[in-house]
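Okay, here's what each chain looks like letter by letter:
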There are 2 protein chains.
Amino acid sequence: MSENRPTSFTCPLPIDQYPTVTLPHGGGGKLMNQLISEMFLKAFQPDETGQPHDGAVNFLGDSRFAFTTDSYVVRPLFFPGGDIGSLAVHGTVNDLAMCGARPLFLSASFILEEGFPMDLLWRVVQSMKAAADGAGVRIVTGDTKVVDRGKGDGIYINTAGVGELVSEDPIAPESIREGDVLILSGDLGRHGISIMTLREGLAFETKIESDSAPLVEPVMDLIESGVAIHCLRDLTRGGLVSALNELAMASRKTFHIREKSIPVSEPVHSACEILGLDPLSVANEGRFVAFAPASEKEKCLEILQSHPVSADAREIGTVVSTHPPLVTLETPIGVTRILPMPSGEQLPRIC
Amino acid sequence: MSENRPTSFTCPLPIDQYPTVTLPHGGGGKLMNQLISEMFLKAFQPDETGQPHDGAVNFLGDSRFAFTTDSYVVRPLFFPGGDIGSLAVHGTVNDLAMCGARPLFLSASFILEEGFPMDLLWRVVQSMKAAADGAGVRIVTGDTKVVDRGKGDGIYINTAGVGELVSEDPIAPESIREGDVLILSGDLGRHGISIMTLREGLAFETKIESDSAPLVEPVMDLIESGVAIHCLRDLTRGGLVSALNELAMASRKTFHIREKSIPVSEPVHSACEILGLDPLSVANEGRFVAFAPASEKEKCLEILQSHPVSADAREIGTVVSTHPPLVTLETPIGVTRILPMPSGEQLPRIC
């Protein structure tokens, strides 16, 4: 059909099994990871040596910078604690921070459906501006596309981000070492559960607010204080379980975590029971894990606990051996079990 | 509904007139420009001094870089001369080139609709890779979202791009000077017409191929040869007429162009007559105008004509006076008329 028809049409994914894209392909679990590794990474070969991380690190002149992108399709558009606009800023600045970069510039690209109310668009845009100001970034470039009625869902937003590397040493999966401690920045599951309770029309005594927030300040403080951080990862789609499984695979290490150490608020816990969800697999938008040498634990906790967004930081586990790559969980009754990668079905369109 | 509810809910657009988003808001004409200037630029204030251009130019350390984004929603996905994948690469590298930057890195973010065939996705992804190789850029980071059936249209792609500034002097609307010549890089209308003839099911004796192509090589050659380029702009949505009107407004200058000098192929001309379109307002994806001092004209033409993608380059007009900001056209019979900004209705979802 065209001169740039590629030479090979053989799809590298098991097409018999998944002839079409399914919702779990965007869910942050196994199928999404397969799509990324078997198709996108195979075709684009972004980095022949490193492992996939929240963003790409490259040079521009003498400066090292991180570059990342995310599209946001969350439903509903407005939820307790945020909206698609603030989420589109927080998600992308957090990905930059997880690379050890100070977020500087964002792009904002809108795919609008014909008929989307103009005043809602203005509300989303103002929310993006407020979130950008709060995270210390500037939205410097953008794009607008409109699709015909019935071919979209009101509004989709893409933000890409550029940040300057602050850390000298690579903050990346390949830097994780045996003996590192895993530090979790706060309680789990509030973003996903705030969305799910809205969707399901559930009412709880305590309103559950999303944890959506910029993580730039605690992360920059950690790095600038000279704490030897090995890796950072925010806990978005697929929650803690997906993030740790991805990192275990990428670093080829075993992580052992203790369920008792992991904070989950009472309302989130109750909602998870009703909805049949595991809070450890639920999406967050303002939570991360840090990997650091055990010797840095106290300093790391002290710094994180000094910031409101990570005031509840605590150690949840350790990197225990160099193989095989998996995540084990010690349950409250002392039994150890493997925490497998979620399939990705549980919470579509959470971000 | 949330703590980041903005303080002002008054939408800055005339909401009585356009209470909702309409297709022309994405069409590259008047309404899109109003949406951008009255809403996005007002909220985000990306650059308090400069004028909107194809990308934003900022510093990272000592390096100046350009940063740009575009979402691609073109239908049909495959067309003579390209597809949504190659377009998503060409469009973004061209925006970087128009800033005088050498494109280095792209991001790729996919919004996939549940049910989209996996082999088509693979075909698009391979086309992106081939186009990136052809343009000398690397796709280094990405994202995948899946939306439920009926909430998308198969596939939307966002690419953002980062490039390093090659030109010392700003290549931007504010650099345009009275007496500058306007040089057009080739014939107009092939991208838009190739899409429209497919959509309308029209058959012509000569198949019309999109002009979608990377413009990096001729632009880098111009700059590196020391030609004093004042401004560059690719002629996408709204074609030559939109691009020139935007630049006339941004530079506060009058441009005078001669219709006789503007190449339009015979098949495009015929198709435009049948479809009732003005080839000067039809989208291109591999064409640009350069503004340069008259003294640089010969050198500029010689360089452009040495590259296949701009072999047909020619002077089409001049910057004639410093006010008012408008575009005038001398018709083939010698009459001069104003070329107003298109409303943006004619070709939805062309890119």
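Computed from a predicted structure; not experimentally measured.

Quick look at the overall build of chain A
Phase 1: Helices and strands together make up the secondary structure of chain A, namely eight helices and 14 strands.
Phase 2: Its C-alpha radius of gyration of 20 Å places chain A within 12% of the 20 Å reference for a compact globule of 351 residues.
Phase 3: In terms of overall dimensions, chain A has a C-alpha envelope of 55 × 55 × 45 Å along the principal axes.
Phase 4: Counting the 351 residues in chain A, one finds 62% classified as buried.

Focus: the relation of the copies chain B and chain A
Put simply, the two copies of the chain differ by a rotation about an axis and a shift along that axis.
Phase 1: Overlaying chain B on chain A yields an RMSD of 0.0 Å, the required transformation being a rotation through 180 degrees with an accompanying axial translation of 0.0 Å. Taken together, the rotation and translation describe the operation of a two-fold axis. Across chain B, the smallest distance between a C-alpha and the rotation axis is recorded for Gly152 of chain B, namely 2.2 Å.
Phase 2: Looking at the interface residues of chain B, 99% of them are also at the interface in chain A, so both copies use one shared face.

As for the environment of Thr197 of chain B
All names here are of chain B.
Phase 1: Mapped onto the secondary structure, Thr197 falls in helix α4 (residues 190–200).
Phase 2: Assessed through its relative accessible area of 8%, Thr197 is described here as buried.
Phase 3: In the structure, Thr197 is positioned 12 residues away from Glu209 in sequence and 10 Å away in space, judged by C-alpha atoms.
Phase 4: Not counting residues within four places of it along the chain, the set of residues in contact with Thr197 comprises Leu202, Phe204 and Ala271.

Concerning the sheet that holds strand β9 (residues 231–234) of chain B
All names here are of chain B.
Phase 1: With mixed pairing, the seven strands of this open sheet are ordered in space as β9-β11-β8-β12-β10-β13-β14. The open sheet terminates on both sides in strands that have one partner only, identified here as β9 and β14 (336–338). For this sheet, the mean angle separating the axes of adjacent strands, direction not counted, is 25 degrees.
Phase 2: Pairing between strand β10 (residues 254–258) and strand β12 (residues 314–321): four bridges, direction antiparallel. Considered in β12, the bridge of Ile257 is made with Gly317.
Phase 3: Across the sheet, helix α2 (residues 84–98) touches β9 and β11 (288–292), and the angle it forms with β9 is around 165 degrees.
Phase 4: This element, helix α8 (residues 297–305), spans β8 (181–184), β11 and β12 of the sheet and lies at about 10 degrees to β8.

Remarks on helix α2 (residues 84–98) of chain A
All names here are of chain A.
Phase 1: Between the first and last C-alpha of α2 there are 21 Å, a value that for 15 residues agrees with the 21 Å anticipated at 1.5 Å per step.
Phase 2: The buried count for α2 comes to 15 of 15 residues, which makes it a mostly enclosed element.
Phase 3: Sitting at the amino-terminal end of α2 is Asp83, which places a side-chain oxygen 2.7 Å from the backbone nitrogen of Gly85.
Phase 4: Where α2 ends, the next residue or the one after it, Gly100, has phi of about 80 degrees, a positive value.

A closer look at the interface of chain B and chain A
When the parts of a complex come together, some accessible area is lost, and that lost area is often used as the size of the interface.
Phase 1: The partner chain A presents 102 residues to the 103 residues of chain B that form the contact.
Phase 2: Summed over both sides, the interface of chain B with chain A buries roughly 8500 Å², with 66% coming from carbon and sulfur.
Phase 3: Contact with chain A buries area across many residues of chain B, yet Phe44, Met118 and Trp122 of chain B alone supply 9% of it, more than any other trio.
Phase 4: Taken together, the links from chain B to chain A amount to eight salt bridges.

Things to note about the side chain of Ser251 of chain A
All names here are of chain A.
Phase 1: Looking at the element boundaries, Ser251 is found in helix α6 (residues 239–251).
Phase 2: Among the residues examined, Ser251 registers a relative accessible area of 8% and is labelled buried.
Phase 3: Only 2.7 Å separates the side chain of Ser251 from the backbone oxygen of Leu247, close enough to count as a polar contact.
Phase 4: In contact with Ser251, other than residues within four places in its own chain, are Pro173 and Ile176.

A look at the pairing of strand β1 (residues 56–60) of chain A
Residues and elements named next belong to chain A.
Phase 1: The side-chain alternation of β1 yields one buried face, formed by Ala56, Asn58 and Leu60, and one unburied face, formed by Val57 and Phe59.
Phase 2: Two elements, β1 and strand β2 (residues 63–72), share five bridges in a ladder whose sense is antiparallel. Paired with Leu60 across the bridge in β2 is Ser63.
Phase 3: Hairpin connection of β1 to β2: two residues between the antiparallel strands, including Gly61 at a positive phi of 60 degrees.

Thoughts on the packing of aromatic side chains
Phase 1: Tallying each qualifying case throughout the model produces nine aromatic pairs over all chains.
Phase 2: Ring centres of Phe110 of chain A and Phe40 of chain B lie 4.6 Å apart, and the angle between their planes is 10 degrees; on these two criteria the pair is classed as stacked. Here Phe110 of chain A, found in strand β5 (residues 101–113), pairs with Phe40 of chain B, found in helix α1 (residues 30–44), and the two come from separate chains.
Phase 3: For Phe110 of chain A, a relative accessible area of 1% puts it in the buried group.
Phase 4: Both rings, one in Phe40 of chain B and one in Phe44 of chain B, keep their centres 6.4 Å apart while their planes meet at 15 degrees; by these two values the pair is stacked.

So, the side chain of Asp234 of chain B
Residues and elements named next belong to chain B.
Phase 1: Within the element layout of this structure, Asp234 appears in strand β9.
Phase 2: This buried residue, Asp234, is left without a salt bridge; Arg233 holds the nearest opposite charge, at 5.3 Å.
Phase 3: Every residue in contact with Asp234, bar those within four places of it in the chain, is listed here: Asp54, Gly91, Asn94, Asp95, Met98, Leu215, Ala243, Arg287 and Phe288.

A short note on the sheet that holds strand β13 (residues 326–330) of chain A
All names here are of chain A.
Phase 1: Across the sheet, seven strands lie side by side as β9-β11-β8-β12-β10-β13-β14; this open sheet has mixed pairing. The strands lining the two open edges of the sheet, one partner per strand, are β9 (231–234) and β14 (336–338). Taken pair by pair, the neighbouring strands of this sheet meet at an average axis angle of 25 degrees, ignoring direction.

A look at unusual backbone geometry
All names here are of chain A.
Phase 1: Cis geometry marks the peptide bond from Arg75 to Pro76, where omega comes out at -5 degrees.
Phase 2: The topology assignment puts Pro76 in the loop between β2 and β3 (78–79).
Phase 3: Look at Gln45: it is not a glycine, yet its phi comes out positive at around 40 degrees.
Phase 4: The topology assignment puts Gln45 in the loop between α1 (30–44) and β1.

Observations regarding the confidence of the model for chain A
Phase 1: When the pLDDT values of chain A are averaged, the result is 93; 95% of them are 70 or greater.
Phase 2: Per-residue pLDDT stays below 50 along residues 1–7 of chain A; that stretch engages in 18 contacts with residues further than four places along the chain or on separate chains.

How each quantity is defined
- Residues numbered from 1 in each chain as written.
- Chains lettered and ligands numbered in written order.
- Predicted model: local features only at pLDDT ≥ 70, side-chain atom pairs only at ≥ 80, totals over all residues.
- Heavy atoms only, no water.
- Helix = DSSP H or I, 4+ residues; strand = E, 2+ residues; numbered from the N terminus.
- Rg over C-alpha atoms; globule rule 2.2 N^0.38 Å.
- Buried < 20%, exposed > 50% of the residue type's maximum accessible area, 1.4 Å probe, protein only.
- Least-squares fit on C-alpha atoms with pLDDT ≥ 70 in both.
- Contact = heavy atoms within 4.5 Å.
- Pairing = 2+ DSSP bridges.
- Axes fitted to C-alpha atoms, helices over the stretch in contact; angles between N-to-C directions.
- Expected span 1.5 Å × (residues − 1).
- Polar contact = N/O pair within 3.5 Å; in protein donor to acceptor, adjacent residues only side chain to side chain.
- Buried area = accessible area lost by both parts, 1.4 Å probe.
- Salt bridge = Lys/Arg side-chain N within 4 Å of Asp/Glu carboxyl O.
- Phe/Tyr/Trp six-rings, centres within 6.5 Å; stacked < 30°, edge-to-face > 60°.
- Lys, Arg positive; Asp, Glu negative; His and termini not counted.
- pLDDT = per-residue confidence, 0-100.

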